Amino acid sequence: MRKKQAGALLLCISLVFVGGCWDSKELNDQALQVGTGIDLNEEGEFVLSNQFSLNSSGPSSEGNSQQESYTEMTKGDNVFKASAAMQARITRKINRGQRTSIAIGEKLAREGLKQIIDIYTRTPEAQLRNDLFIVKGGFAADLLNSSTPFGSLSQREYFKLHQAQKEVADVTLMNMLRSVNGDSQSGAIVPAMERVQAPISGEQKQKKQNKYAYTGVAVINNDLKLVGFLNNEETAKALWLLKRPHIQYASTYIPEGSGLVTAKLSSLKCKIKAGFGENTELHIAMKANAELMENGTNLDLLSVANLKLIEQALELHTRKQFTELIHKVQSEYKTDIFNFGDTIFRYYPSQWRRLQNRWESEFPKAAVTVKVDIKVKRVGLTGGPVQLKEGELEH
Amino acid sequence: MRFWLKGKRLKSRRPERYQQPPFSHPGSGSGLMTDLHTNEQALRELFTNCSDIVYREISLAAGHKQLIIYMDGMVDTNALNQFILQPAIRDVATDDGKRPGQTREWIEQQLIAVARVNQISSLDEAVREILNAKAVILFNHETVGLSAELTDPNVRAVEEPTSEPVVRGPREGFTETLRTNTSMVRRKLKTHRLKLESMTVGKVSQTEVAIAYLEGTAKAEIVNEVRSRISRIQMDAVLESGYLEEFIEVAPLSPFPTVQNTERPDIVAANLLEGKIAIFTDGTPFVRIVPFTFWAGLQAAEDYYNRSFYSSAIRVIRSVLLTTSLFLPSLYVAIVNFHSMMLPTSLVLNFSAAQENTPFPTVVEAFMMELIFEGLREAGIRLPKQIGSAVSIVGALVIGQAAVQAGIVSAPVVIVVAGTGIASFTIPRYDLGYALRLLRFVMLILAGTLGLYGIALGTLTLLLHLVSLRSFGVPYFSPVAPLFPGGLNDVLWRAPRWRMNTLPKLMTPGDIERIPKGQKPKPNR
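Cut-offs and rules
For every chain, the first residue of the written sequence is number 1, and numbering continues from 1 onward in sequence order. Labels are handed out in written order, letters beginning with A for the chains and numbers beginning with 1 for the ligands. In view of the model being predicted, local features appear only for residues whose pLDDT reaches at least 70, and side-chain atom pairs are presented and counted only at 80 or more, with totals across whole chains, interfaces and linings using the full set of residues. Here the side-chain values reflect all heavy atoms present in the structure, with hydrogen atoms and water set aside. Contacts were defined at the residue level, with two residues in contact if any of their heavy atoms lie within 4.5 Å. Note on terms: buried area is the combined drop in 1.4 Å-probe accessible area of two parts once they are placed together, counting the loss on both. In what follows, salt bridge is the name for a side-chain nitrogen of Lys or Arg lying within 4 Å of a carboxyl oxygen of Asp or Glu. Any pair of nitrogen or oxygen atoms within 3.5 Å is treated as a polar contact; in protein, a donor-acceptor pairing is required on top of that, and neighbouring residues in sequence qualify only through side-chain atoms on both sides. Here a helix means four or more residues in a row that DSSP labels H or I, a strand means two or more in a row labelled E, and each is numbered from the N terminus. Following the grouping adopted for this structure description, the nonpolar residues are Ala, Val, Leu, Ile, Met, Phe, Trp, Tyr, Cys and Pro, the charged ones are Asp, Glu, Lys and Arg, and the polar ones are all others, Gly among them. Two strands pair under a simple rule: DSSP has to find at least two bridges between them. With axes taken as lines fitted to C-alpha atoms, and helix axes fitted only over the stretch in contact, angles between N-to-C directions fall between 0 and 180 degrees. Confidence scores here are pLDDT values: one per residue, from the predictor, ranging 0 to 100. Only protein chains enter the accessibility calculation, which uses a 1.4 Å probe; a residue is then buried when its area is under 20% of its type maximum, exposed when over 50%, and partly exposed in between. The arc in question is traced by the directions running from the helix axis to the C-beta atoms. Orientation is classified from the angle alone, with under 35 degrees giving roughly parallel, over 145 giving roughly antiparallel, 65 to 115 giving roughly perpendicular, and any other angle giving oblique. Source of the domain bounds: an automatic or database domain assignment. Side-chain rings of Phe, Tyr and Trp, where Trp is taken by its six-membered ring, are said to pair if the distance between their centres is within 6.5 Å; with planes under 30 degrees apart they count as stacked, over 60 as edge-to-face, and otherwise as tilted. Each patch is built from residues lacking any salt bridge and having more than 30% relative accessible area; the joining distance is 9 Å for like charges and 5 Å for nonpolar side chains (Val, Leu, Ile, Met, Phe, Trp, Tyr). Note on areas: Shrake-Rupley, 1.4 Å probe, and residue coverage restricted to the protein chains presented here. Just so you know, the count uses Lys and Arg for positive and Asp and Glu for negative, and it drops His and the chain ends. Where a charge lies is defined by one atom per residue type, namely NZ (Lys), CZ (Arg), CG (Asp) and CD (Glu).

What to know about the interface of chain B and chain A
Many structure descriptions define interface size as the accessible area lost when the parts assemble.
Turning to step 1, where the next piece is worked out: On the side of chain A, 26 residues touch chain B, which itself brings 25 residues to the contact.
Turning to step 2, where the next piece is worked out: Of the roughly 2100 Å² buried between chain B and chain A, counting both surfaces, carbon and sulfur atoms make up 52%.
Turning to step 3, where the next piece is worked out: Contact with chain A buries area across many residues of chain B, yet B:Thr345, B:Leu349 and B:Glu356 alone supply 27% of it, more than any other trio.
Turning to step 4, where the next piece is worked out: Viewed at the interface, chain A and chain B are joined by one salt bridge.
Turning to step 5, where the next piece is worked out: The residue A:Arg92 makes a salt bridge to B:Glu356 at a minimum N-O spacing of 2.5 Å.
Turning to step 6, where the next piece is worked out: Taken together, the connections running from chain B to chain A amount to 10 residue pairs in polar contact (both at pLDDT 80 or more).
Turning to step 7, where the next piece is worked out: Here the side of chain B that touches chain A gets eight residues from one element, more than from any other, and that element is helix α11 (residues 345-355) of chain B.
Turning to step 8, where the next piece is worked out: A per-class count over the side of chain B that touches chain A returns 13 nonpolar, 11 polar and one charged.

As for the sheet that holds strand β8 (residues 260-262) of chain B
All names here are of chain B.
Turning to step 1, where the next piece is worked out: Pairing is antiparallel in the open sheet, where five strands are placed in the order β6-β7-β9-β10-β8. If you trace the sheet from one side to the other, it starts and ends with β6 (194-201) and β8, each paired once. Adjacent strand axes in the sheet meet at a mean angle of 25 degrees when their direction is disregarded.
Turning to step 2, where the next piece is worked out: Pairing analysis gives four bridges linking strand β7 (residues 207-214) to strand β9 (residues 277-281), with the strands arranged antiparallel. By the bridge assignment, Ala210 is partnered in β9 with Phe280.
Turning to step 3, where the next piece is worked out: In the packing of helix α7 (residues 220-232) onto the sheet, the strands contacted are β6, β7, β9 and β10 (287-290), and the crossing angle to β7 comes to about 175 degrees.

As for the confidence of the model for chain B
Turning to step 1, where the next piece is worked out: Chain-level pLDDT for chain B is 85 on average; 93% of the residues reach the 70-or-more range.
Turning to step 2, where the next piece is worked out: At the level of individual helices and strands, chain B shows its lowest average pLDDT in helix α1 (residues 8-12) of chain B, which scores 44, and its highest in β9(B), which scores 95.

Here we look at the environment of B:Thr143
All names here are of chain B.
Turning to step 1, where the next piece is worked out: Among the structural elements, Thr143 can be located in the loop between β4 (134-139) and β5 (145-149).
Turning to step 2, where the next piece is worked out: Residue Thr143 is classed as partly exposed on the basis of its relative accessible area, which comes to 39%.
Turning to step 3, where the next piece is worked out: Considering only alpha carbons, one finds Thr143 and Ile120, 23 residues apart in sequence, at a separation of 8.7 Å.
Turning to step 4, where the next piece is worked out: Each residue touching Thr143, except ones within four places of it in the same chain, is listed here: Leu32, Met33, Thr34, Ile120 and Ser121.

Some remarks on helix α10 (residues 340-347) of chain A
Residues and elements named next belong to chain A.
Turning to step 1, where the next piece is worked out: Buried residues of α10: Phe340, Gly341, Thr343 and Ile344, and no others. The arc enclosing the buried residues of α10, seen along the axis, measures out at 160 degrees, which places them on a common side.
Turning to step 2, where the next piece is worked out: Against the buried residues of α10 lie α8 (232-242), β11 (259-276), β12 (280-295), α11 (349-355) and α12 (359-362).

Observations regarding the packing of helix α10 (residues 308-337) of chain B against helix α16 (residues 452-468) of chain B
Residue and element names in this part refer to chain B.
Turning to step 1, where the next piece is worked out: Where α10 meets α16, the axes come as close as 9 Å, and the angle between the chain directions of the two elements is 155 degrees. Regarding the angle of α10 to α16, the classification is roughly antiparallel. Contacts between α10 and α16 involve Leu326, Phe327, Ser330, Leu331 and Ala334 on the former and, on the latter, Leu452, Ile455, Thr459 and Leu462.
Turning to step 2, where the next piece is worked out: Partitioned by chemical class, the residues of the contact of α10 with α16 number seven nonpolar, two polar and no charged.

Topic: the domain arrangement of chain B
Turning to step 1, where the next piece is worked out: With domains assigned, chain B is organised as domain 1 (36-149), domain 2 (178-292) and domain 3 (304-475).
Turning to step 2, where the next piece is worked out: Once you take the C-alpha centre of each, domain 1 of chain B and domain 2 of chain B turn out to be 35 Å apart.

Some remarks on the packing of α8(A) against helix α9 (residues 304-333) of chain A
Residues and elements named next belong to chain A.
Turning to step 1, where the next piece is worked out: One way to put it is that α8 packs onto α9 with a least axis distance of 10 Å and a crossing angle of 90 degrees. With respect to each other, α8 and α9 are oriented roughly perpendicular. Along its contact with α8, which presents Glu233, Glu234, Lys237, Ala238, Trp240 and Leu241, the element α9 presents Thr318, Gln321, Phe322, Leu325, Ile326 and Lys328.
Turning to step 2, where the next piece is worked out: A class-by-class count of the residues in the contact of α8 with α9 yields six nonpolar, two polar and four charged.

Brief notes about the side chain of B:Thr293
Turning to step 1, where the next piece is worked out: Relative to the helices and strands, B:Thr293 resides in the loop between β10 and α10.
Turning to step 2, where the next piece is worked out: Excluding residues that lie within four positions of it along the chain, B:Thr293 makes contacts with B:Val474, B:Pro475, B:Tyr476, B:Ser478 and B:Met507.

Here we look at the sheet that holds β5(B)
Residue and element names in this part refer to chain B.
Turning to step 1, where the next piece is worked out: Read from one edge of the open sheet, five strands run β1-β2-β4-β5-β3, paired in antiparallel fashion. Unpaired on one side and paired on the other, β1 (53-59) and β3 (117-120) mark the two borders of the sheet. Within the sheet, the average angular offset between the axes of one strand and its neighbour, ignoring direction, is 25 degrees.
Turning to step 2, where the next piece is worked out: Note that strand β2 (residues 65-71) and β4 share four bridges and pair antiparallel. Bridged to Gln66 within β4 is Phe139.
Turning to step 3, where the next piece is worked out: The sheet contacts of helix α2 (residues 36-46) involve β1, β2 and β4, and relative to β1 the element is tilted by about 170 degrees.
Turning to step 4, where the next piece is worked out: Contacting β1, β2, β4 and β5, helix α3 (residues 77-93) crosses the sheet at an angle of about 175 degrees to β2.

Points about the packing of aromatic side chains
Turning to step 1, where the next piece is worked out: In total, this model carries 20 aromatic pairs over all chains according to the counting rule given.
Turning to step 2, where the next piece is worked out: Their ring planes at 35 degrees and their centres at 6.0 Å tell us that A:Phe52 and A:Tyr70 sit as a pair that is tilted. Taken together, the residues A:Phe52 in strand β2 (residues 46-54) and A:Tyr70 in strand β3 (residues 68-76) connect sequence positions 18 residues apart.
Turning to step 3, where the next piece is worked out: Relative accessible area serves as the criterion here: at 1%, A:Phe52 is assigned to the buried category.
Turning to step 4, where the next piece is worked out: Ring plane angle 40 degrees and centroid distance 5.4 Å describe the contact between A:Phe338 and A:Phe340, whose orientation is recorded as tilted. In terms of burial, A:Phe338 and A:Phe340 fall into one category: buried.
Turning to step 5, where the next piece is worked out: Aromatic rings pair up to connect B:Phe256, B:Phe292, B:Phe294, B:Trp295, B:Tyr476 and B:Phe477 into one cluster.

Thoughts on the environment of B:Leu506
Turning to step 1, where the next piece is worked out: Tracing the sequence through the fold places B:Leu506 in the segment after β12 (474-475).
Turning to step 2, where the next piece is worked out: A C-alpha to C-alpha distance of 46 Å links B:Leu506 and B:Ser122, two positions 384 residues apart in sequence.

What about a nonpolar patch on the surface?
Turning to step 1, where the next piece is worked out: The grouping of B:Ile393, B:Val394, B:Leu397 and B:Val398 at the surface amounts to a nonpolar patch, some 350 Å² of accessible area in total.
Turning to step 2, where the next piece is worked out: The exposure class assigned to B:Val398 is partly exposed, which follows from its relative accessible area of 46%.

Some remarks on helix α7 (residues 173-181) of chain A
Turning to step 1, where the next piece is worked out: Of all the residues in α7(A), the buried ones are A:Leu173, A:Met176, A:Leu177 and A:Val180. Projection of α7(A) onto a plane perpendicular to its axis shows the buried side chains occupying an angular sector of 95 degrees, all on one side.

Regarding the domain arrangement of chain A
Residues and elements named next belong to chain A.
Turning to step 1, where the next piece is worked out: Per the domain assignment, the segments making up chain A are domain 1 (26-55 + 67-230) and domain 2 (235-395).
Turning to step 2, where the next piece is worked out: The gap between the C-alpha centroids of domain 1 and domain 2 is 32 Å.
Turning to step 3, where the next piece is worked out: In this complex, domain 1 contributes 21 residues to the contact, which on the side of domain 2 involves 22 residues.
Turning to step 4, where the next piece is worked out: For the pair domain 1 and domain 2, the two sides together bury roughly 1700 Å², of which 60% comes from carbon and sulfur.
Turning to step 5, where the next piece is worked out: Applying the counting criterion to the domain 1 and domain 2 interface returns zero salt bridges.

With respect to a positive patch on the surface
Residues and elements named next belong to chain A.
Turning to step 1, where the next piece is worked out: Together, Lys269, Lys271, Lys273, Lys287 and Lys371 give the surface a local cluster of positive charge.
Turning to step 2, where the next piece is worked out: No other element matches β11, which puts three residues into the positive patch.
Turning to step 3, where the next piece is worked out: Mapped onto the secondary structure, Lys271 falls in strand β11.
Turning to step 4, where the next piece is worked out: Accessibility expressed as a relative area gives 64% for Lys271, which makes it exposed.

This is the structure in structure tokens:
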């Protein structure tokens with residue numbers, strides 16, 4: 001009996017060696033994909049671009065050599081065909097495990113992401129935690145082909161840029177699908193990258209400069225189509241409404257002091273109340289503490305009256321920004337990217353049930369009022385700007 | 001509590017206890033003759049070609065004679081001359097011929113100035129006493145002889161134990177002499193409750209084995225079991241306590257040791273105090289301690305001499321390193337070969353760059369390097385000390401640097417193997433280290449074939465084995481599984497002494513208070 005058991009065990013163990021069906025893959029038989037981008041070309045075919053890391057031959061004893069990379073492009077009727085063509089062109093097995101983000105060209109995004117999203121959720125190799133970003137006014141392939149001063153693994157560097165802009169690092173494939181798929185029929189915002197225009201001398205010539213920069217977010221509607229972009233300032237305001245962590249600045253011109261005042265806002269609060277008349281009414285109350293960062297006026301900030309003035313100006317300005325942003329989203333994009341539907345669902349579930357199915361058409365009609373309450377808590381080390389003489393200050 | 005003594009295992013064993021066979025040789029079994037020459041003849045016949053046996057005949061008063069037989073080199077000749085020969089010769093010289101012939105009793109009381117004297121009445125006993133380094137004295141008019149203990153104290157001095165060095169703590173280690181060893185423990189535990197039961201094992205070697213325990217603290221069932229297991233042993237010779245261990249251990253086919261060994265009297269004393277049982281063997285400085293649990297393998301002697309804060313911190317590090325020494329190479333192989341997506345990108349890129357030109361699969365590389373490392377370690381032990389440094393040079397330069405530069409192995413594998421080596425050196429019990437060294441290779445094969453899944457399977461099997469293992473009735477993983485919350489004070493951390501109030505439950509009969517509560521120092525303010 002014992003012998004039989006031992007024999008059976010031996011047979012089972014030998015299967016492992018004889019079968020040879022191991023998943024084991026050596027690192028030097030694999031091509032490590034560090035970035036991927038998808039575009040749509042003129043003929044309506046998908047263009048897949050993959051960035052692979054290249055190993056310097058031989059062990060590097062210095063260890064300071066920059067990682068090399070190269071980008072390969074293939075096309076196909078769908079993403080899978082393109083990626084099969086990609087494998088045919090790469091000498092090694094493609095390892096997609098290290099991919100951190102997916103870049104999408106604007107043209108494809110305008111056509112809609114529905115056609116490509118499936119493969120990224122179906123195959124086990126895909127990671128739902130991959131970041132998404134959209135290349136505004138360009139192709140993902142160009143972004144992958146460009147190099148950055150920190151190395152040629154451009155997509156990896158741009159992923160780090162997202163992490164530095166902490167407000168958008170969170171937009172993963174999963175988060176986007178979640179916000180679009182919910183019952184709230186809301187849209188999603190996805191970070192956008194744009195080719196840099198030099199601020200002074202037109203086209204930039206220096207080689208060691210970032211070719212792309214973060215320029216706010218792209219607005220994706222419930223149908224997963226790109227409908228437009230928000231710039232950095234609008235993005236910050238949208239994130240305040242979405243109650244996501246971010247850094248908020250407010251900057252306004254003060255006619256009494258004839259200059260700009262900039263403040264960093266913190267302790268951001270946002271309360272939304274809804275009323276249900278003919279159209280949905282949304283009353284938004286925002287609250288923040290301000291810390292003055294730059295004072296371009298001649299106001300002495302040690303005087304309470306001046307602070308009141310600045311507070312009022314900041315409130316007025318922020319309120320205007322909000323109203324404009326909401327109006328723009330309502331009228332141009334017609335997509336609830338602020339998750340208002342979700343808020344109504346949470347706080348007014350019975351009303352939401354009636355609204356739910358027609359929220360997409362209700363949202364643009366909703367009457368939104370915004371109230372902003374800003375309190376200046378800190379003014380910094382000096383009262384008035386120190387370069388001004390006593391007589392020039394306004395008390 | 002379910003105690004394994006009640007189990008069916010014992011019943012299936014041979015019912016009758018095995019008795020030591022009587023000492024047998026030609027002409028044995030006979031008592032001593034009154035004729036001294038017959039006795040001498042019989043002994044000379046037994047010890048034919050034994051040049052180290054010395055026979056010395058002395059005439060006593062009234063025509064009596066005595067024959068002294070001893071083994072040269074084992075008996076202290078100076079003492080023999082001074083305390084047996086001199087009194088006898090002087091007695092003859094002062095003999096006035098009027099005294100009656102001295103009886104054995106008289107000689108024993110008046111002439112032999114030796115503390116330990118036994119009577120012997122048969123040839124058998126005479127032979128055994130001679131072999132046990134005693135001087136045997138036979139008389140021509142008596143059928144009862146004497147044996148005097150004059151053992152040569154010429155033994156190795158007490159030195160610092162080499163296998164278990166400490167920075168802080170006693171520096172004495174056991175020697176090869178049983179009585180020296182037991183006395184070292186006696187000196188630490190001055191109580192009549194410390195029992196030392198003596199037994200003789202080995203047909204040829206006639207080795208003295210002593211079972212030491214604290215009466216009332218050690219569990220009687222475990223003591224009985226140890227006693228019966230040792231008395232069951234039939235063997236020709238016991239040259240080291242390891243010979244005994246193989247007969248008394250509970251799981252002979254398990255890679256894990258169920259018997260602890262130590263060279264340190266303080267460890268033995270501490271274990272006796274916890275209700276464990278020590279087995280001393282003559283001829284070796286290594287004393288075996290039972291029962292042994294897994295967690296005892298993480299306890300170093302020094303843990304108890306340092307402040308509990310440091311000891312606890314170090315013990316945590318030690319358990320992390322124990323896990324490392326078992327899993328690091330296999331984890332590396334599994335993650336790099338099967339699950340590279342688990343690693344940070346920069347790390348994968350570095351690994352991939354390092355492996356770009358290596359000819360072998362990662363698992364083969366790791367296996368090779370582990371083998372070479374084990375070889376180096378073995379070579380370091382076997383080589384004479386003078387050549388020992390050559391091994392480390394070869395190891396560092398040839399294996400480490402040159403192999404990487406020649407592109408035979410990748411640098412990360414060398415780092416992994418080196419890290420594993422360092423981790424495995426931190427395990428305080430050498431035996432447990434052996435087990436983990438072996439299992440590391442098993443894990444490596446599993447990782448190379450099945451990846452993390454294989455490691456999970458291996459770990460599961462390992463844990464199943466560990467929790468089902470028992471050492472003399474005490475579960476190997478206790479007090480963690482089964483859980484005894486009180487016992488956790490001395491497992492992953494070491495609580496301060498004033499907090500260790502009770503003794504381990506499984507090894508002692510019931511709750512014994514060890515250190516009364518409320519002794520936490522409270523300074524007066």
